[in-house]
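# Coordinate analysis (summary)
Here's the letter readout for the chains.
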Amino acid sequence: NQGSAVKKMVRPDQKREAAQVMIKKGLPITKACRLLKLPRSSFYLEPRPVDTTSVQIVQSIAQRYQKLGYRMLHALHRNEEGGTMNHKKFFRIYHEQGLALRRRKRKKVIRERLALSLPDKPCVTWSMDFVFDRTEDGKALKILTLVDDYSKECLWLEVARNISGENLCEVLEFVMLIHGKPEYIRTDNGSEFTSKVFCLWLMKQEVKQHFIQPGKPTQNAYIESFNGRFRDECLNGNYFLDLEDAQRKIESWRDFYNEIRPHSSLGMISPKNYLAKL
């Protein structure tokens, strides 16, 4: 079949080597291929002509979204552009053109794995954390990341020089006006999340706060996973001139993440499209 024919296809240099053996040794094709352990049928198989249109499609979408792997790019090709190219062909062209991303080497840490309970609907459990970066002048950026555990929607990205417990209350109050009030908020044990102002405000809002154990970020895996994507695809891929420039670029990425970027746990569709199906 077609799949087996592709697997048996030999490289041009292998064909040349077989031809040289035939000339020097005076062997027929059958014996030359047997000597070099090459399938004789593949010796006659001519390579397919290059599909320049498909190559241009893959190169174009990879150029626009340079921080995404081939699975995400193929999902964008199918979802947003209405493309019909299957994942096998997309993967082959993606690697032939040298577009594969370099994998980051992660330090292997052996720790206890705790399963997180996944809510059965949106606006039940929110996860929250802080991410840090810097602008061109060297000043620090403090970014509050807030994600809905069920829909994976990024509810808010607050970008500021500093965020206190009082600022945290103001941000959450605004987000609750848009998305409603959750039942739980999961955080680490940072000073902003354990401040008296923030804890009293949550009590008044009748929202329960779940703290993870110190030194165990895997217990807040949903927001940690989001933070990794946020840093790889946005913070590491942009240069921030000042605070206003950072706020504009980060908010633009949040729109892309919620409305366009496919999510593997949502069936390779965006959080917005997933919520629309509910």
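Coordinates for the structure precede this section.
Heads up: these notes are all about the structure in this document. (Residues numbered from 1 in each chain as written. Predicted model: local features only at pLDDT ≥ 70, side-chain atom pairs only at ≥ 80, totals over all residues. Heavy atoms only, no water.)

## Comments concerning helix H6 (residues 70-79)
Across the 10 residues that make up H6, a large majority, 7, are buried. Taken together, the buried positions of H6 are Tyr-70, Met-72, Leu-73, His-74, Ala-75, Leu-76 and His-77. In the core, the buried residues of H6 are packed alongside helix H5 (52-64) and helix H7 (87-96). (Buried < 20%, exposed > 50% of the residue type's maximum accessible area, 1.4 Å probe, protein only. Helix = DSSP H or I, 4+ residues; strand = E, 2+ residues; numbered from the N terminus. Contact = heavy atoms within 4.5 Å.)

## Comments concerning the sheet that holds strand S4 (residues 184-187)
Read across the open sheet, the 5 strands follow the order S3-S2-S1-S4-S5; overall the sheet is mixed. Whereas interior strands pair on both sides, the edge strands pair on one side only; in this sheet they are strand S3 (154-160) and strand S5 (208-211). For this sheet, the mean angle separating the axes of adjacent strands, direction not counted, is 25°. One ladder, built from 4 bridges, connects S4 with S5; its direction is parallel. Following the sheet pairing, Thr-187 is matched in S5 by Phe-211. Against the sheet, helix H11 (residues 243-259) touches strand S2 (140-148) and S3, its axis set at about 170° to S3. (Pairing = 2+ DSSP bridges. Axes fitted to C-alpha atoms, helices over the stretch in contact; angles between N-to-C directions.)

## Quick look at the packing of aromatic side chains
The tally for this structure, following the rule as stated, stands at 12 aromatic pairs. Note on Tyr-70 and Tyr-94: the rings are 6.0 Å apart at their centroids and 40° apart in plane angle, and the pair reads as tilted. Of the two residues, Tyr-70 is situated in helix H6 and Tyr-94 in helix H7; the sequence distance between them amounts to 24 residues. Note on accessibility: Tyr-70 and Tyr-94 belong to one class, buried. Relative to Phe-193, the ring of Phe-130 lies with its centre 5.1 Å away and its plane at 15°, an arrangement referred to as stacked. Of this pair, Phe-130 sits in strand S1 (residues 125-134) while Phe-193 sits in the loop between S4 and helix H9 (196-205), and the two are 63 residues apart along the sequence. Of the two residues, Phe-130 and Phe-193, neither departs from the other in class, the shared state being buried. Taken together through their ring pairs, the aromatic side chains of Phe-226, Phe-230, Trp-253 and Tyr-257 make up a single cluster. Just above the ring of Phe-130 sits the side chain of Lys-142; from NZ or CZ to the centre is 4.6 Å. Of note, Lys-152 hangs over the ring of Tyr-222, and the distance from its end group to the ring centre comes to 3.9 Å. (Phe/Tyr/Trp six-rings, centres within 6.5 Å; stacked < 30°, edge-to-face > 60°. Lys NZ or Arg CZ within 6 Å of the ring centre and 35° of its normal.)

## Thoughts on the environment of Pro-271
Structurally, Pro-271 is set in helix H12 (residues 271-277). For Pro-271, a relative accessible area of 1% puts it in the buried group. As for Pro-271 and Tyr-150, which are separated by 121 residues in sequence, their C-alpha atoms are 9.6 Å apart. When residues no more than four places from it in sequence are discounted, the contact partners of Pro-271 are Ser-151, Lys-152, Glu-153, Tyr-257, Asn-258, Arg-261 and Leu-266.

## A look at the nonpolar core
In this structure, Leu-73, Leu-157, Phe-226, Phe-230, Ile-250 and Trp-253 are the most contacted members of the largest nonpolar core, which totals 33 residues. Elements that contribute at least two residues to this core include exactly H5, H6, H7, S2, S3, helix H10 (221-235) and H11. Ranked by the residues each element gives to this core, the list is headed by H11, at 6 residues. Here Phe-230 is in contact with Val-131, Ile-143, Thr-145, Leu-157, Leu-235, Ile-250 and Trp-253, once residues within four sequence places are set aside. In terms of nonpolar packing, the next biggest core, distinct from the first, is built from 21 residues, Phe-130, Leu-155, Leu-168 and Met-176 among them. (Core = buried A, V, L, I, M, F, W, Y, C linked by side-chain atoms within 4.5 Å.)

## Details of the environment of Val-207
Summarising the element assignment, Val-207 is placed in the loop between H9 and S5. Measuring from C-alpha to C-alpha, the distance between Val-207 and Lys-181 comes to 7.7 Å, with 26 residues separating the pair along the chain. Once residues lying within four places of it in the same chain are set aside, the contact partners of Val-207 are Met-176, Lys-181, Pro-182, Glu-183, Tyr-184, Ile-185 and Leu-202.

## A word on the pattern of salt bridges
Summed over all chains, the structure comprises 9 salt bridges. As a salt-bridge pair, Asp-51 and Lys-89 come within 2.8 Å of each other at their nearest N and O atoms. Placement of the pair is Asp-51 in the loop between helix H4 (40-44) and H5 and Lys-89 in helix H7, with a sequence separation of 38 residues. With a relative accessible area of 31%, Asp-51 lands in the partly exposed category. Connected via shared salt-bridge partners are Asp-245, Arg-248 and Lys-249. (Salt bridge = Lys/Arg side-chain N within 4 Å of Asp/Glu carboxyl O.)

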